[in-house]
Amino acid sequence: MDRWMRDIGLNRRQHFKLLDKNSLPTFLKILSDITHNFTEKVVESPANIKAVVEIFDIVANLNISITKTSMRDILLTTGVLTTDGAKTSWDILNTDKITNITAEPVSRRLSDINSTKGDSSTFLLSLEKFTKQLSNESFNIDTPFILLNKTTFTDNFNAEFNSSVEINLLQSDGGKNSLTVITFASMDNVLSVRDVKNSTMNVINGRVVLVQSSGAINNVSFTFDILDEALKNPKCVFWNFSLFEGIGGWGGEGCELVNHLNRTVTCKCNHLTSFSILMSPYAPDDDTLSIITYVGVGISICSLVICLIIEAAIWRKIRRNKTSYLRHVTVVNIAVSLLIADVWFIIGVFTSAADKRFLPACTATTFFIHFFYLAMFFWMLTSALLLLHRTVNVFDVGLSNKSMLAIGFTLGYGAPLVIAIITIAATFPKVYVQENSCWLNWYQSKALLAFVVPAFLIIVINLIILLLVIYKILRRRLAGTTEQAAERHILLVISRCLAVLTPLFGLTWGLGVGTLTNPKNNGIHISFAFFNSLQGFFILVFGTLLDKKVQSELAQMAQSHRSGIRSTISELSSGGLGFWPNWRRGVYHVSSGEHSSSDTSRNT
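Everything numeric in this text was worked out from a predicted model, so none of it was measured. (Residues numbered from 1 in each chain as written. Predicted model: local features only at pLDDT ≥ 70, side-chain atom pairs only at ≥ 80, totals over all residues. Heavy atoms only, no water.)

Draft legend 1. Region of interest: the state of the cysteines. Considering all chains together, one arrives at three disulfides under this definition. The disulfide partner of cysteine 255 is cysteine 269, and the S-S distance across this bridge is 2.1 Å. Between cysteine 255 and cysteine 269, the S-S dihedral sits near 115°, and the bridge is therefore right-handed. You can see cysteine 255 sitting in strand S11 (residues 255-261) and its partner cysteine 269 sitting in strand S12 (residues 264-269), a full 14 residues away along the chain. Relative accessible area serves as the criterion here: at 3%, cysteine 269 is assigned to the buried category. Between the sulfur atoms of cysteine 362 and its disulfide partner cysteine 438 the distance amounts to 2.1 Å. In this structure, the disulfide formed by cysteine 362 and cysteine 438 twists by about -130° around the S-S bond and is classed as left-handed. Taken together, the positions of cysteine 362 in helix H12 (residues 359-392) and cysteine 438 in the loop between helix H13 (401-426) and helix H14 (449-475) put the pair 76 residues apart, joining distant regions of the chain. Here cysteine 438 falls in the buried class, since its relative accessible area comes to 7%. (Disulfide = S-S within 2.5 Å. Helix = DSSP H or I, 4+ residues; strand = E, 2+ residues; numbered from the N terminus. Buried < 20%, exposed > 50% of the residue type's maximum accessible area, 1.4 Å probe, protein only.)

Draft legend 2. Representation of the packing of aromatic side chains within the structure. Scanning the entire structure with this criterion turns up 21 aromatic pairs. Here the aromatic rings of tryptophan 90 and phenylalanine 123 are separated by 5.6 Å at their centres, their planes lie at 25°, and the arrangement is stacked. Highlighted residues: tryptophan 90 in helix H6 (residues 87-103) and phenylalanine 123 in helix H8 (residues 119-132), separated in sequence by 33 residues. Across this residue pair, the class does not change: tryptophan 90 and phenylalanine 123 are buried. When the centroid spacing of 6.2 Å and the interplanar angle of 80° are considered together, the rings of tyrosine 373 and tryptophan 439 count as edge-to-face. Highlighted residues: tyrosine 373 in helix H12 and tryptophan 439 in the loop between H13 and H14, separated in sequence by 66 residues. Taken individually, tyrosine 373 and tryptophan 439 each receive the classification buried, so the pair is uniform in this respect. An aromatic cluster of three or more residues is present, and its members are Phe371, Phe372, Trp379, Phe409 and Tyr413. (Phe/Tyr/Trp six-rings, centres within 6.5 Å; stacked < 30°, edge-to-face > 60°.)

Draft legend 3. Representation of a nonpolar patch on the surface. There is a patch of nonpolar side chains on the surface, built from Ile291, Val295, Ile299 and Phe537 and spanning about 350 Å² of accessible area. The element contributing the most residues to the nonpolar patch is helix H9 (residues 286-313), with three residues. Of note, isoleucine 299 is situated in helix H9. (Patch = residues over 30% accessible without salt bridge, like charges linked within 9 Å, V, L, I, M, F, W, Y side chains within 5 Å. Areas by Shrake-Rupley, 256 points an atom, 1.4 Å probe, with all protein chains shown as cover. Salt bridge = Lys/Arg side-chain N within 4 Å of Asp/Glu carboxyl O.)

Laid out in structure tokens, this is it:
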């Protein structure tokens, strides 16, 4: 079979020039028998599928009349090429084409337009040409994967095909016209889900139906049975062969949604070609997620602001100890990074919700969200490295504050900046942002890996460091000097903070990956939204409030504040407002005042 494919591949154009209305039926029969007898070899080889598609393309352009028998052979061959086993090969063919068309220079694309024409588009276009070349008789062809109905009508037409598609022609140009309808059971294995917006987030959720008529049709209605009820947001679409420079894609021009009711979707279009419906993958209830996200982000932002206010209030006190100072530097930068990331997240929500998303704004938003989320993780890594360094050098001076700060800021902000820049540069020819939100793309360019991989590596490294530090601290049981005891207390605080926040952030972003691998799981979506939006609250609690030194400083500040208030009240009472009790004494003790005056005059 492979040898036969290679032979006709080398000589197909010369061979097909000899085909005519007498030899074509025999050739189509041979092609049908070969593809049927060697189905597995055909569908598992993109090269073999491509060879059959090119055969169809050349034969369809010969403009030879197609009989019912020949059309049946064509549909049997087509059925083999559309089976589930062929989906992987079609995915390879379609992916190669769209990658080449986006990566090649414009000048080369325009000069070599025929070489980038999509195989799936060529395949479908050939079938449309075959339907136009059918003989005038009316007939039906029923194959395992495809149903063809050819009939005639005068003004209006209504029929149901294969119990999955209903067609209603509401208006034609009058006169007797022929109508050919081909209903495909598995053409979704062949055609990409890419739409006019270059989105691949949707799913073909109805039969693909090819409709051709000998007359002009400007009002046709389709009712599709939904294949998967879990999918939402139906779009009425047709296959537009001109999209993406001949690769093709789903467009909606001239089609509109009429209703979505009782597991059916009704569409109305003003032209004929190949039609279907696209629907979005299932997502949890938007209102529930929105409430959890917005309330959580609000709490997170407020918590981070409180955290920074507390850090500013006690900053002078914590500078006395080197390790404590460096710990609070990391806490402040973790809080600042997450706070800015949350603000950009809110900007991204409004940018994505706009009727027409402004891509440059969404790209900038994604870049900054990526950068500051990574900065949060890298500052956690800095905190873990500080913990390790101070544990190893607990009795030694170690690096100076300036050296530690230089390392911290280089790692905390320099590494995320490099990763963010490389990510946007590497994905520029493809897709950087997601199609429905301002965040790193996953399905096309896998840009999200530039966040997931560093984040999880940091989580693993932090856990390893944490285990080493706990081991060393447990070995040093003696308290030592007061200074060494204070140092150990700070190290224990850092360890506790990392022990809580590292698994917590790991769980959060593990759930984030789960939303991609299992998008239909409502619980994963809600759990991710909850934990992700409350990270700021956890930083406030475990990074600041549970530190006994912070609690002590806050208690002293509160005590000092209360003492200051009492002192002020006392001064006011003994000063300018003191006339009030004296006036009261003057009112109720007048005689005493007189005796006092006389006594005073006597003493003088």
